[in-house]
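What the coordinates show
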Amino acid sequence: MDFYVLAAASTDAQTAWELLRQGGPMVWVLLVVSAFGITAFLERLLYYHRAQINASEFMAGVRTVLKNDNVVEAVAICDATPGPVARMAKLGILNREQSHDRLRELLDDNSKAEVPRLEKRLNMLGTIAQIAPLLGLLGTVLGFIQIFQGVWREGNWVLANVLAGGIWQGLICMALGLAIAIPSTIAFNYLVGRKDDIALDIEKSNAELLNILAFELALSKIDSGSKVNQESETVNGQSSIEQ
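Residues numbered from 1 in each chain as written. Predicted model: local features only at pLDDT ≥ 70, side-chain atom pairs only at ≥ 80, totals over all residues. Heavy atoms only, no water.

Some details on the overall build of the protein chain
Selection criterion: Comment: elements are numbered from the N terminus, with helices defined as DSSP H or I runs of at least four residues and strands as E runs of at least two. Partly exposed residues are those whose accessible area sits between 20% and 50% of the maximum for their type, while under 20% is buried and over 50% is exposed, using a 1.4 Å probe and protein chains only. In what follows, residue pairs with any heavy atoms lying within 4.5 Å of each other are defined as contacts. Note on areas: Shrake-Rupley with a 1.4 Å probe; residue coverage comes only from the protein chains shown.
Along its length, the protein chain carries eight helices and zero strands. Its helices and strands in sequence order give the protein chain the pattern α-α-α-α-α-α-α-α, from N to C terminus. Split into buried and exposed, the 243 residues of the protein chain put 32% on the buried side. Across the protein chain, the fraction of contacts at a sequence separation of at least 24, relative to all contacts at a separation of at least 6, is 79%. Put simply, the protein chain shows about 15,300 Å² of open surface, and 62% of that area lies on carbon and sulfur atoms.

Have a look at this one:
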């Protein structure tokens, strides 16, 4: 039974190899293009998986630490967290002494610098999705050129295998081009969605960080200052009564 399964698998692999060989030179071009597409997809997938974090939980932790006036621990949390959201948070914390408008401008400029990092190699995957059918169509045209060359050389006595070879080449190239283009388009749209999600997280986190640094911390400092004043007034009052 195992021998039969291995023999059947070997036959299928040989059949697939023979089909690719009959596809002509454009088959190898399409295979190289597909290898680039797979590499780009896997690289972006791993990058987005590492870059995308739970921004709400991260900002909640940063807010708690900053309200305790522990800036060093907040920067350490940002350093230990991968991704652009953490980098933007660290930038805002280190420049917390800037004015509100200046800090917002700084975060906006650095957010725009993060976009090219997120879009890296996406254009290549989108281009592959567009040109793969065209390359397959080119292989089809080359196959039909082979057919008409055979007809022109042989005239009425053209052999059937000459016609079949050109038709095989055209169909295989077109099928392979579509087989590359369809998953490439799906992968491209999926990665664009992941990129947009991360960009939205950056935008929301920047707005939340500005709110924390400009308003919440200022209010907490005012509250703590008022409490200190009340305590000092209470102590002074008690001392005056004792006197």
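Examining the side chain of Asp201
Rules: Counting rule applied: Lys, Arg positive; Asp, Glu negative; His and chain ends not counted. What makes a salt bridge here is a side-chain nitrogen of Lys or Arg within 4 Å of a carboxyl oxygen of Asp or Glu, nothing more.
Positionally, Asp201 belongs in helix α8 (residues 160-242). Despite its burial, Asp201 pairs with no opposite charge, the nearest such side chain being Lys204 at 5.8 Å. If we ignore the near neighbours within four places in the chain, the residues touching Asp201 are Gln52, Ile53, Ala55 and Val85.

Here's the deal with helix α4 (residues 71-80)
So the rule is basically this: Directions pointing from the helix axis toward each C-beta atom define the arc.
Inspection of α4 places Val71, Ala74, Val75 and Cys78 among the buried residues, and these make up the whole buried set. Projection of α4 onto a plane perpendicular to its axis shows the buried side chains occupying an angular sector of 95°, all on one side. Away from its buried face, by an angle of more than 90 degrees, α4 presents the exposed residues Val72 and Ala80. Against α3 (55-67) and α5 (84-94) lie the buried residues of α4.

Thoughts on the pattern of salt bridges
Applying the stated rule across the entire model yields 10 salt bridges. Notably, a salt bridge pairs Asp79 with Lys90, separated by 2.8 Å at the nearest N-O pair. Placement of Asp79 in helix α4 and of Lys90 in helix α5 is noted, with a sequence separation of 11 residues between them. We classify Asp79 as partly exposed; its relative accessible area is 49%. Here the salt bridges do not stand alone but share partners, grouping Glu43, Arg44 and Arg121 into one network.

As for the nonpolar core
As a rule of thumb, nonpolar side chains are buried together in soluble globular proteins. Note the following rule: Residues enter a nonpolar core if they are buried and are Ala, Val, Leu, Ile, Met, Phe, Trp, Tyr or Cys, with the set joined through side-chain atoms within 4.5 Å.
One finds Phe58, Leu66, Ile93 and Leu209 to be the most contacted residues of the largest nonpolar core, which totals 31 residues. Only α2 (25-51), α3, α4, α5, α6 (100-119), α7 (122-154) and α8 provide two or more residues apiece to this core. Looking at this core, the element that brings in the most residues is α8, giving eight residues. Beyond its immediate stretch of four places on either side in the chain, Ile93 contacts Val62, Leu66, Val71, Ala74, Val75, Cys78, Leu209 and Leu213. Counting 12 residues, the second largest nonpolar core, distinct from the first, contains Met26, Ile128, Ile172 and Leu176.

Topic: the side chain of Thr81
Condition: Think of a polar contact as two N or O atoms within 3.5 Å of one another; within protein, one of them needs to be a possible hydrogen donor and the other a possible acceptor, and neighboring residues in sequence only count if both atoms come from side chains.
When you line up the elements, Thr81 lands in the loop between α4 and α5. For Thr81, a relative accessible area of 19% puts it in the buried group. At a separation of 2.8 Å, a polar atom in the side chain of Thr81 contacts the main-chain carbonyl oxygen of Ile77. Those residues within four positions of Thr81 in sequence are excluded, and the remaining contacts are Ile53, Phe58 and Ala86.

As for the packing of aromatic side chains
Formally: For Phe, Tyr and Trp, where Trp contributes only its six-membered ring, two rings pair if their centres lie within 6.5 Å, and the inter-plane angle classes them as stacked under 30 degrees, edge-to-face over 60, or tilted in between. Only when the NZ atom of a Lys or the CZ atom of an Arg is both within 6 Å of the ring centre and within 35 degrees of the ring normal do we say a charge sits over the ring.
Across all of its chains, the model carries one aromatic pair by this definition. Taken together, a centroid distance of 6.0 Å and an interplanar angle of 65° make the contact between Tyr47 and Tyr48 edge-to-face. Using a relative accessible area of 24% as the deciding quantity, one classes Tyr47 as partly exposed. Of note, Arg44 hangs over the ring of Tyr47, and the distance from its end group to the ring centre comes to 4.4 Å.

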